[in-house]
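Chain and residue survey
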Amino acid sequence: MRIGIPKEMKNNENRVGMTPAGVAELTKHGHTVYVQHTAGENSGFSDEEYEKVGAEILPDIKDVYAQSEMIVKVKEPIEPEYDLIRKGQLVFTYFHFACDKPLTDAMIKSGGVCLAYETVQKADRSLPLLIPMSEVAGRMAALNGAFYLQKTKGGKGKLISGVPGVKPTKVLVLGGGTVGEAAARMAAGMGADVTITDISLPRLRQLENELPANVHALYSTEHNIRKELPDVDIVIGSVLVPGDKTPHLITREMLGLMEKGTVLVDVAIDQGGCFETSHPTTHSDPVYEVDGIVHYCVANIPGAVPNTSTMALTNATLKYAVALADKGWRQACKDDEALRKGLNIVDGKVTFKAVADVWNLPYEPIEL
């Protein structure tokens, strides 16, 4: 198969779809890999490293799309890429269709095969291609929350850990999944007083047992969240409904319960966000204020640490990319139910129910 790895076009997206180690595995299986010139540069991987493992370097993104049967990316295609995707072409990347109608419409129009990392799901309901980036994003969420808590950044002017004689900050983590656990663990490691919420009692018991003593598990209800807000310094939103839009757990009205300078970090912004007042921001312009509350809503948080992120992502996606290349997407998805759940749009039809429901589009289960 001919596989293309384009350079990411999203604002400050420094990751690349695959490391040279991943490309080496694909070429070992007899596949042709095209890498756009400097695609890996911001992640610390030179064109020469890709060439050494058998990749062919192409000068332009149009060439990569034109010559490839499968595209391996990190982030969803943006508008300049829409017309480059052709009927029957497989695009393997994060899509997050449930919060992006123009992207959904464009991919339907393209006739391509959209296989979304974020909805590949194993029988145990785990999300193997979301986990590595969730681990990075959760850790980064705590770090960024601590950073923007500084007075010079619009926050309350508090040190997350406190010091002897001064209490540490209070951090509220909404959602006890991979992102939430990583965020709570990082915030706790920095010395904060952390509360993590979830609607699953078994999960709360697990978190209570496994996380440090300065992390407290709380059942997630609106009443409980409201009681936490007056004293909280940082809120990290990490709720996920696979493939669907994220519910708003903090409304505009609830901002009034918090002190000015409280920091909200919305890791769920790719799926619409946990906070009613959230809208996507970028690494070049990451924060804004609403009613004196600082909002950090960068849609590609792991892009700030691209070397770590790219290696972690390739570790997770490689076996699936090899299967898709070796067998073709139809057979690979027939053989692997987890991979089959990644199919969101195929040949102009929405094949993932949550996406169809969000945009009131016809849902057509995939037939292989």
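Residues numbered from 1 in each chain as written. Predicted model: local features only at pLDDT ≥ 70, side-chain atom pairs only at ≥ 80, totals over all residues. Heavy atoms only, no water.

Here we come to the packing of aromatic side chains. According to the stated counting rule, one finds five aromatic pairs in the structure shown. Residues Y94 and Y117 carry aromatic rings whose centres are separated by 4.8 Å and whose planes lie at 90° to one another, so their mutual orientation is edge-to-face. One end of the pair, Y94, is in the loop between β5 (90–93) and α5 (101–110); the other, Y117, is in the loop between β6 (113–116) and α6 (131–148), and 23 residues separate them in sequence. Pair check on accessibility: Y94 and Y117 agree, each one buried. Linked through ring pairs, F92, Y94 and Y117 together constitute an aromatic cluster. (Phe/Tyr/Trp six-rings, centres within 6.5 Å; stacked < 30°, edge-to-face > 60°. Helix = DSSP H or I, 4+ residues; strand = E, 2+ residues; numbered from the N terminus. Buried < 20%, exposed > 50% of the residue type's maximum accessible area, 1.4 Å probe, protein only.)

The strand order across the open sheet built from seven strands is β9-β8-β7-β10-β11-β13-β12, with neighbouring strands paired in mixed fashion. Unpaired on one side and paired on the other, β9 (215–219) and β12 (287–290) mark the two borders of the sheet. Averaged over neighbouring strand pairs, the angle between their axes works out to 20° when direction is ignored. As defined by bridge partners, strand β8 (residues 193–198) adjoins β9 across five bridges and the pair is classed as parallel. (Pairing = 2+ DSSP bridges. Axes fitted to C-alpha atoms, helices over the stretch in contact; angles between N-to-C directions.)

The residue Q121 is located in the loop between β6 and α6 in this model. With near-sequence residues (within four places) excluded, Q121 lies in contact with S126, L127, P128, P242, A338 and K341. (Contact = heavy atoms within 4.5 Å.)

Side chains I234 and I236 of strand β10 (residues 234–237) all project onto a buried face; the interleaved residues V235 and G237 project onto the opposite face, where all are buried too. Relative to β10, strand β7 (residues 170–174) runs parallel, the two being bridged by four bridges. Along β10, the bridge assignment pairs V171 with I234. In this sheet, strand β11 (residues 263–266) lies alongside β10 in parallel orientation, the contact comprising four bridges. Its bridge partner lying in β11, G237 is registered against D266.

Right, let's talk about the sheet that holds strand β15 (residues 349–350) for a bit. Ordered in space as β3-β2-β1-β4-β5-β6-β14-β15, the eight strands form an open sheet in which the pairing is mixed. Each edge of the open sheet is held by one strand with a lone partner, namely β3 (56–58) and β15. With three bridges joining them, strand β2 (residues 32–36) and β3 adopt parallel strand pairing. Within β3, the position partnered with Q36 by the bridge is L58.

On to the layout of surface pockets. Approximately 1,100 Å³ is the volume found for the largest pocket. As for the largest pocket, its lining consists of 41 residues, of which G177, T178, S238, V239 and L240 are closest to the centre. Where the lining of the largest pocket is concerned, the elements lending two or more residues are α6, α7 (178–189) and β8. The biggest single contributor to the lining of the largest pocket is α6, with four residues. Here the lining of the largest pocket is built from residues that sort into 20 nonpolar, 15 polar and six charged. Classifying every residue of the lining of the second largest pocket by side-chain character gives six nonpolar, five polar and five charged. (1 Å grid on protein atoms, 1.4 Å probe; cavity = no way out; pocket = protein on both sides within 12 Å on 5 of 7 lines; lining within 4 Å. Points joined across faces, edges and corners; volume = space filled by probe spheres on them. Nonpolar A, V, L, I, M, F, W, Y, C, P; charged D, E, K, R; others polar.)

This part takes up the side chain of N300. Inspection of the secondary structure assignment puts N300 in the loop between β13 (293–296) and α10 (306–327). When sequence neighbours within four positions are dropped, the list of residues in contact with N300 reads N11, N12, E13, R15, K75 and H283.

A complete count under the given rule lists 22 salt bridges for this structure. A salt bridge links E69 to R2, with the nearest nitrogen and oxygen atoms 3.6 Å apart. Remark: R2 occurs in strand β1 (residues 2–5) and E69 occurs in the loop between α3 (61–67) and β4 (70–72); sequence separation between them is 67 residues. Residue classification places E69 among the partly exposed positions, given a relative accessible area of 32%. Look at R2 and you get partly exposed, because its relative accessible area is 34%. (Salt bridge = Lys/Arg side-chain N within 4 Å of Asp/Glu carboxyl O.)

Attention now goes to the environment of V173. Along the chain, V173 falls in strand β7. Along the backbone, V173 and T195 are 22 residues apart, and their C-alpha atoms lie at a distance of 6.1 Å. When near neighbours in sequence (up to four residues on either side) are disregarded, V173 contacts G180, A183, A184, V194, T195, I196, T197, I236 and S238.

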